[in-house]
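Close look at the chain arrangement
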Amino acid sequence: MIYGKETNTDVSGWTATAKIDLASSPAPGSQNAEDSTACGVESTGTDYFTFTCTMVTAATSIELETSSAKADLAEVVVAGLLWTEFPVQPGTKSSTGKMSLVAKDAPSECQVPDYQDIEGMTFCRSAKYKIVPGISDGKFDTFRKASSISITFDGDGFELHDIVIYNINYDDFNGDQSSTSNNEQEVVTCAASQTAYEAADCVGMINGAGVKVTTTNDDAGETEENFGSAITSNTGKSRRSQTYRIKDTAVVVKKITFSQDFYLADINVYGAFVSSTDNHWTYQNNVKAKGVLTCEINKVASSGLDSCEDCPKGTNWKTAFGVSGDPAGSELVSCPKCTAGQYSTGGSMECTDCTRGSITNTEGQFECTKCSAGTVSRNSGNDLSTTECTQCPAGFIAATEGLDECTNCTDALQYSNSDHTLCDSCLKGQERNAAGNGCNDCGKGKYRPDTTTDKQCMNCGPGEYTDDVGQFECKVCEDGYQPNPNKDGCYICPIGMKKSSTDTECESCTIGYHTSGNKGATECTPCDPGYKGVEITSGGIASKKAFECVACEKGEYNSEEGNDTCTPCSDTTVATETAMPECRLCALGTVRVNSTHCEDCLPGQYNDDQTITQDSCPVCPYNHFSTQKNSHTCTKCGEHEYAEIGKTECKDCSDFGDLKAALEAKPNDVTVQKCVADKGAACEAVNITDSYGTYNLPFLFNDDSVTEDCVYDDPSEKRKAKFFCEIDPLDKTKAYYTSEYGCFKTADTEKYDALANNAENEIAKDPEKATADLEALTNSSGDGAGLADLAATTGFLDILTAPAPEGSKNATVISPEATKNVINAVSNLAAGNMQSTDIAEAVAVCDKMVSSLKAIAKATESEGLVKSPNLAILKTPAKTDDTSGAPKVSLSFNLGDPDDLTSMSLDDAGGESAEPKEPSVAIESGAASISVVILKDDSFFPTKVSVRLPKSDNKSALEEALWDSMTASSNSSSNDTGNTEVSKSIIVNSIILEVDMGDSPAGTTLDLFIKPAFQVGGPDSSKSVIDGYRKVQIVYKCGVYMPKEGVWDMDSCQTVYDEMRVDAGVMCRCDHNTSFAVLMAAEEIDPGYLESQSIMSKAFLGASILGLFATIGLILPASAVAKSRSAKVNMCFSFTLLLASIMFLIQDFLVKADNTGVIKLQSVPCAVYTMIQHYLWLVVFMWTLIEGFLMYLSLVQVFGSHISKYMLKFNLAAWLIPLPLPIIGYFVFTKTHIVGGVEAIEHNYMADSMCFLKPKTISFFALFFGPLVLAILVNLVFFALVLKVIRSSKNANLSDRELFLRQLKAAVAVMVLLGTGWVIGIFMNIPEPHLQVTLQYMFICVNATQGVFVFLFYVILNDQVKNYWLEKFGISTASPSKSNASTSKSTAGNVYANTTAKTDDDHTYSTAAEFPAKNENNANI
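Bear in mind the structure is a predicted one, so any value in this text is a computation, not a measurement.

Calculation notes
Residues numbered from 1 in each chain as written. Predicted model: local features only at pLDDT ≥ 70, side-chain atom pairs only at ≥ 80, totals over all residues. Heavy atoms only, no water. Helix = DSSP H or I, 4+ residues; strand = E, 2+ residues; numbered from the N terminus. Buried < 20%, exposed > 50% of the residue type's maximum accessible area, 1.4 Å probe, protein only. Contact = heavy atoms within 4.5 Å. Areas by Shrake-Rupley, 256 points an atom, 1.4 Å probe, with all protein chains shown as cover. Salt bridge = Lys/Arg side-chain N within 4 Å of Asp/Glu carboxyl O. Core = buried A, V, L, I, M, F, W, Y, C linked by side-chain atoms within 4.5 Å. Polar contact = N/O pair within 3.5 Å; in protein donor to acceptor, adjacent residues only side chain to side chain. Phe/Tyr/Trp six-rings, centres within 6.5 Å; stacked < 30°, edge-to-face > 60°. Lys NZ or Arg CZ within 6 Å of the ring centre and 35° of its normal. Expected span 1.5 Å × (residues − 1). Patch = residues over 30% accessible without salt bridge, like charges linked within 9 Å, V, L, I, M, F, W, Y side chains within 5 Å. Lys, Arg positive; Asp, Glu negative; His and termini not counted. Charge placed at Lys NZ, Arg CZ, Asp CG, Glu CD. Disulfide = S-S within 2.5 Å. Axes fitted to C-alpha atoms, helices over the stretch in contact; angles between N-to-C directions. Parallel < 35°, antiparallel > 145°, perpendicular 65-115°, else oblique. Left-handed = near helix turned anticlockwise from the far one by under 90°. Nonpolar A, V, L, I, M, F, W, Y, C, P; charged D, E, K, R; others polar. pLDDT = per-residue confidence, 0-100.

Regarding the overall build of the chain
- Check the secondary structure of the chain and you find 25 helices and 79 strands.
- The proportion of buried residues among the 1421 residues of the chain is 42%.
- Counting contacts in the chain only where the partners sit at least 6 residues apart, residues at least 24 apart contribute 61% of the total.
- Carbon and sulfur atoms make up 51% of the accessible area of the chain, which totals about 72,300 Å².

Right, dumping it as structure tokens:
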């Protein structure tokens, strides 16, 4: 309804439409349109109009539309229905049964499989409960009160769930309103009008209507109880319904009644049947319906036909009938008696058969009688019966009454008693007799232990017996015995058989085992080594074998116990006795004749080969003898002795007389050759076997050689093997053969070629087997492999490491097993001979092998080291540096035995060891990853100049041999200029590392630490002066192998090591991939001072120090002299020179070349000592510059030469300017390197063998030699200018000779003061040896005596100092007037004196006595 703004507003004629937006989730049962519902106008007025929507609709908003507006709206009234008045629909439920918008009361759908088929319900039913048919069919739609109705269920009952009751509403009444009958009167009373109907009790009676049910259970029988509580009844016009719900417990219902009166319209019952029988309901109306009596099924009419009743006990109901009209004319239903074997309890539809075990033997019985104990419900034919009981037969019982079958005592291991009610048990050791009525004892060999489980006596088990009857357990034969076949006793096991506690009978010993010839054994023992097992042919047990042991025959052996065969000895061993556990080699000094006999060697014979077989021992060869029986070696004849073959003593070489003539007569006689060799160095005839064949070499004198054709190479290639007779470096009184091979092939080369030719197919099929075949071939070759074998193997490895096909995503990988096989194979090859006179050929083959090894190291899947005696490989990824974040590889190895790389171990860089060990090898690199190939020696690195370390336990002899091989001092040759070249031989003195840093950028660091295999002496013993004036030193260098040139480059890497402790290790700093090793070579070094020069230096320095002490001590007391400016400068110079000289001289006492001095070489004290010496000598150079500068001012410039506070300035300049240089030198040029935890200090400031600057280094030239040269150059200029002044001096009082001598004296004095003698040191770097020695002597004479010259010119030739001390000791007296006159004259004549000076002390040189003043003739010079 819509109202206008004012009461008189005219709203007539409005046209408006209201649209209702429907709820998206309307209430169940509401009728929604599509999107909106239009409502039509119902009525209008002058100030309002009304629109109406007739549908029951759930609306969320209302929209009003007008086509025109005549006035403002004042009010809109909207009316609607409440949802709470609507019941919830079927299939849903709510807490109230009605619609609600409140969440807790909102309707919800029944969940599958639950359901609800009635509206307005508060619950959903389980699918188990169905509507009961035959009731809910509208048959009660009459005007009938509920109290007149009862509902009975025929059958076992049912499980009731709920009941829905409908009462009569007003619209259901159809009767006559004026009727006075009872029923109709009740209708009139209740329903005179609709209002009366809704207000009357007939409506309210349904509230709490008393519904009762009769229930049944096994324990309590039938009981009546109220069935739940009712839901509040409905009100309104519609048919009322009321629901009763079942209790929580299941109730089986037989009958439903109503205790309240209300008009029942209909009833729905929901429940579940408890059986599948054809059950149905009977409805009983307690109000008679006009003389008609209808009895229910299973009931009959009473005698008065006024009621229905049950059939009596012992009878059964047959047929029902109906009576119409007079009840007296009705017929009764007959209830016949039950026959024998049946019974009835009354009210039964039919009789019931007796259950099994019970009977009725007469008719009309209302119960059955149970059969007594000992009998069962069966007839004489043993068939089931319901009319008679029979007794159980013998051996059977019926233990209780009411049984229908007898129990067999046999099954219970028992027999029956006399009344057949009990089975008695037999005792242990007994069993039931055949009749089943008694027990018998078990016989011998049998037993019965248990009366409850064992049915009869049983045979004793394996290994058991009984020797008496009636036993309930068996005995066990003792060990070594077994039961007899009848199991009534035991007998002993025969020889060769045993029975232990775990056996059940005597068992045969396994062949190879025995019982030591004894019967009754409990175990078999294995035949001892030297014996074998054989079968015993008699005395055993049938079907079983027995065994014993017999000794092996001579010539046979058996090394294992429990064996059944003896093995013949091999072709090299014997068994001289029976029962030998092993064959042995014939003892040294005997020879094998056959497998059973060794023959003793006689004097003059020997045998050191235990594997040969022949009739007698070999005879001693030429020049050897044996005096004893069973000798295994022949003793070589001493020097100047010889022997023919098979001799027991040697003869004197004097027997030959003239050896030269004897040799000419018998050039091939080895006895003569020995005697000749004993006279000097010569090589005896010998057979040499190498990789390239066996060569029969003749007798040769030292330095002679012989050339042979290579055995296995094609003769057309003209390959040669050359053998040299050379002095033994370890025993220079002897000579031995050395070899140079130009050969290529060996005896096994064809096998290697075949393996390489088939490699592609074999590796493709099974790389592990292919590499194993390669290893097996190299094992058989041993150390006999050569270059051709190596070349074929590289071909094999090229296929193994070949890159994956183009486009393949998989990289080439080599399994750990294949890797190990290859490394072992190449290790075996490395033991062969890869040297060749054709260096280019050898380098090409070996370099290819090294490349193959690097490829294997990259491709292997192996983790960690893969080791073999001569070779090892390792691949490792980089780790990130903790500080910089850059990649870093750090590896440390311990070699163990350097001659066997299998003892090598890789240190755990990240682990913690209780006792950390300094590594033998360490590698650090900034590469992303590296692969390493480690080789024991330089077998794969051929060169012309490298030599291998000789094998010897004599260290001093080995050192001497190595020295000679490298320096070649005795064999050096002079060139045209007389210079002697030092041998270029080098020794590879460590393992060799082949390091590959992959694709790392240029400049990637690679630092190595390697311990040399051998050190030749210490710093002193590793230096030697040769040819009297040249000095050679053994040095250790980091070598880089250059495969293209076949040489070791010693300049590509920086080498750092402690010369005093070479064995502590050598550090190599490199930046490229290659093969690295520590090389030992001889280098000519600065010879330094020879021994005589060292003595001269010490003597002259000592004199110089005394002179400087004397100079200072004699001038300082002479105050007149000491106060002069020149004297002050000279004293500072002398004092500094004194300190520097003392420091240099006492160094020989504090520092020792063998590092045994107080100050250790290259230590911190040594560094301090070096810096102090460096500093003092620089200060000395500064004072020489100051001296030169003063001379220039005094003698050349003269005018304007005054310098105020010059001593302060000079001292500051002399002592402060040099100060930074030693500090810079030490801290800039001393570097510490760490590789693998090993620290090495690179000393480019301190010398290796003294605490002074290291010569020929940047620090030496920049910080010592440079300042020295600068000082010398400046002072040379000063010296030249001063010398010019000296040369131009004149003195008319002196002759030319006197003048020359005086000028010479002045020149020498100036040279000493200016230190120009150091200029000789500059030219000492000229490499000409003879000139160097000469200059060294000159340098010592001039500079080591500098203090002597200072004393000479400053004291002895200084008249002022000399006169002071003469006067001091009273030897002469000075003339004051003469002195004063002289002084006055000198001052007046000193034209270069400072004219602005206020006093004489202000002059640089105050008097002519200090330094000659310049006048026209310079007479006072």
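Let us keep going from here.
Considerations on the environment of Asn 1130
- One can find Asn 1130 in helix H15 (residues 1125–1150).
- Residue Asn 1130 is classed as buried on the basis of its relative accessible area of 10%.
- Separated by 19 residues in sequence, Asn 1130 and Thr 1111 have C-alpha atoms that sit 9.7 Å apart.

Things to note about the environment of Gly 555
- Here Gly 555 shows up in the loop between strand S43 (546–551) and strand S44 (556–557).
- Residues Gly 555 and Thr 578, 23 residues apart in the sequence, show an inter-C-alpha distance of 8.0 Å.
- When sequence neighbours within four positions are dropped, the list of residues in contact with Gly 555 reads Thr 567, Pro 568, Cys 569, Ala 575, Ser 595 and Thr 596.

Side note on the pattern of salt bridges
- Applying the stated criterion across every chain yields a total of 17 salt bridges.
- With a closest N to O distance of 2.2 Å, Asp 404 and Arg 356 form a salt bridge. Here the residue Asp 404 occupies a position in the loop between strand S26 (396–397) and strand S27 (407–408), and Arg 356 occupies one in the loop between strand S21 (352–353) and strand S22 (358–359), the gap between them amounting to 48 residues.
- Look at Asp 404 and you get buried, because its relative accessible area is 15%.
- Here Arg 356 falls in the exposed class, since its relative accessible area comes to 53%.
- One salt bridge connects Lys 475 with Asp 467, and the closest N-O pair in it is separated by 3.2 Å.
- Accessibility expressed as a relative area gives 39% for Lys 475, which makes it partly exposed.
- Overall, Asp 467 belongs to the partly exposed group, its relative accessible area being 37%.
- Linked through salt bridges whose partners overlap, the residues forming this network are Glu 505, Glu 507 and Lys 544.

A few points about the nonpolar core
- In this structure, Ile 1115, Val 1129, Trp 1177, Phe 1181 and Trp 1183 are the most contacted members of the largest nonpolar core, which totals 66 residues.
- Looking at this core element by element, the count peaks at 15 residues for helix H16 (residues 1164–1197).
- Those residues in contact with Trp 1177 that lie beyond four places of it in its chain are Leu 1137, Ala 1140, Ser 1141, Phe 1252, Phe 1264 and Trp 1318.
- By size, the runner-up hydrophobic cluster in this structure holds 65 residues, among which are Ala 857, Leu 871, Phe 941 and Val 988.

Structural notes on the side chain of Ser 939
- Considering the arrangement of structural elements, one finds Ser 939 in the loop between strand S67 (929–935) and strand S68 (946–947).
- A distance of 3.1 Å separates a polar side-chain atom of Ser 939 from the backbone oxygen of Ala 830.

Focus on the packing of aromatic side chains
- For the structure on display, the rule yields 21 aromatic pairs.
- Relative to Phe 1265, the ring of Phe 1260 has its centre 6.2 Å away and its plane inclined at 25°; by these criteria the two rings are stacked.
- Here the aromatic residues Phe 1144, Phe 1181, Phe 1252, Phe 1260, Phe 1261, Phe 1264 and Phe 1265 are joined through ring pairs into a cluster of three or more.
- The aromatic ring of Phe 472 is capped on one face by Lys 428, whose charged end is 5.6 Å from the ring centroid.

Looking at helix H10 (residues 816–830)
- Counted at 1.5 Å a residue, the expected span for H10 with its 15 residues is 21 Å, and the 21 Å between its end C-alpha atoms agrees.
- Taken as a whole, H10 has its buried residues at Ala 818, Thr 819, Asn 821, Val 822, Ile 823, Asn 824, Ala 825, Val 826, Ser 827, Asn 828, Leu 829 and Ala 830.
- In this fold, the buried residues of H10 make contact with helix H6 (749–757), helix H8 (767–781), helix H9 (787–800), helix H11 (839–859), strand S61 (866–867) and strand S62 (871–877).

With respect to a negative patch on the surface
- On the surface, a cluster of negative charge is made up of Asp 703, Asp 704, Glu 726 and Glu 740.
- Counting through the fold element by element, Glu 740 comes out in strand S60 (residues 731–741).

Focus on the state of the cysteines
- Tallied over the full model, the rule gives 24 disulfides.
- Here Cys 110 engages in a disulfide with Cys 124; their sulfurs sit 1.8 Å apart. The sign of the -80° torsion about the S-S bond sets the Cys 110-Cys 124 disulfide as left-handed. Note that Cys 110 is positioned in the loop between strand S8 (108–109) and strand S9 (130–131) and Cys 124 in the loop between S8 and S9, a separation of 14 residues in sequence. The burial state of Cys 110 is the same as that of Cys 124; both residues are buried.
- Each sulfur of the disulfide joining Cys 653 and Cys 675 lies 2.0 Å from the other.

Looking at the packing of H9 against H10
- Packing of H9 against H10 leaves a shortest axis separation of 11 Å and a crossing angle of 165°. Classified by the interaxial angle, the pair formed by H9 and H10 is roughly antiparallel. Once H9 is placed against H10, the crossing between them reads as left-handed. Each of Asp 789, Leu 790, Thr 793, Leu 797 and Leu 800 in H9 lies in contact with H10, whose residues at this interface are Val 822, Val 826 and Leu 829.
- Residues belonging to the contact of H9 with H10 are distributed by class as follows: six nonpolar, one polar and one charged.

Looking at a nonpolar patch on the surface
- On the surface, Leu 1208, Leu 1212, Leu 1216, Leu 1219, Ile 1223 and Phe 1227 cluster together to form a nonpolar patch covering roughly 600 Å² of accessible area.
- Sorting the residues of the nonpolar patch by element identifies helix H17 (1206–1216) and helix H18 (1220–1229) as the ones contributing at least two each.
- Top contributing element to the nonpolar patch by residue count: H17, with three residues.
- Of note, Leu 1216 is situated in helix H17.

Looking at the confidence of the model for the chain
- With 67% of its residues at a pLDDT of at least 70, the chain reaches an overall mean of 74.
- Across residues 909–915, where pLDDT falls below 50, the model places one contact with residues more than four positions away in sequence or in other chains.

Quick notes on H9
- Taking 1.5 Å per residue as the helical rise, H9 with its 14 residues ought to reach 20 Å, and the 20 Å between its terminal C-alpha atoms agrees with that figure.
- All buried positions along H9 are accounted for by Leu 787, Ala 788, Asp 789, Leu 790, Ala 792, Thr 793, Thr 794, Phe 796, Leu 797 and Leu 800.
- Check the buried side of H9 and you find it contacts H6, helix H7 (759–765), H8, H10 and H11.

Focus on unusual backbone geometry
- Despite not being glycine, Ser 516 has its phi angle at roughly 60°, a positive value.
- Within the secondary structure, Ser 516 is located in the loop between strand S40 (513–514) and strand S41 (525–526).
- One non-glycine residue, Lys 718, adopts positive backbone phi at about 55°.
- As for its placement among the helices and strands, Lys 718 is situated in the loop between strand S58 (705–709) and strand S59 (720–728).
- You can call Lys 718 exposed: its relative accessible area is 67%.

Looking at the side chain of Asn 870
- The topology assignment puts Asn 870 in the loop between S61 and S62.
- A distance of 2.8 Å separates the side chain of Asn 870 from the backbone oxygen of Ser 827, its partner in a polar contact.
- Within polar-contact distance, the side chain of Asn 870 engages the side chain of Lys 936 at 3.0 Å.
- Asn 870 has contacts with Ser 827, Ala 830, Ala 831, Leu 901, Ile 934, Leu 935 and Lys 936, leaving out every residue within four places of it along the chain.

Topic: the packing of H8 against H9
- Contact geometry for H8 and H9: axes closest at 12 Å, N-to-C directions at 165°. Classified by the interaxial angle, the pair formed by H8 and H9 is roughly antiparallel. By crossing handedness, the relation of H8 to H9 is classed as left-handed. Side by side, H8 and H9 meet where Ala 770, Thr 771 and Leu 774 of the first sit next to Thr 793, Phe 796 and Leu 800 of the second.
- Taken together, the residues of the contact of H8 with H9 sort by class into four nonpolar, two polar and no charged.

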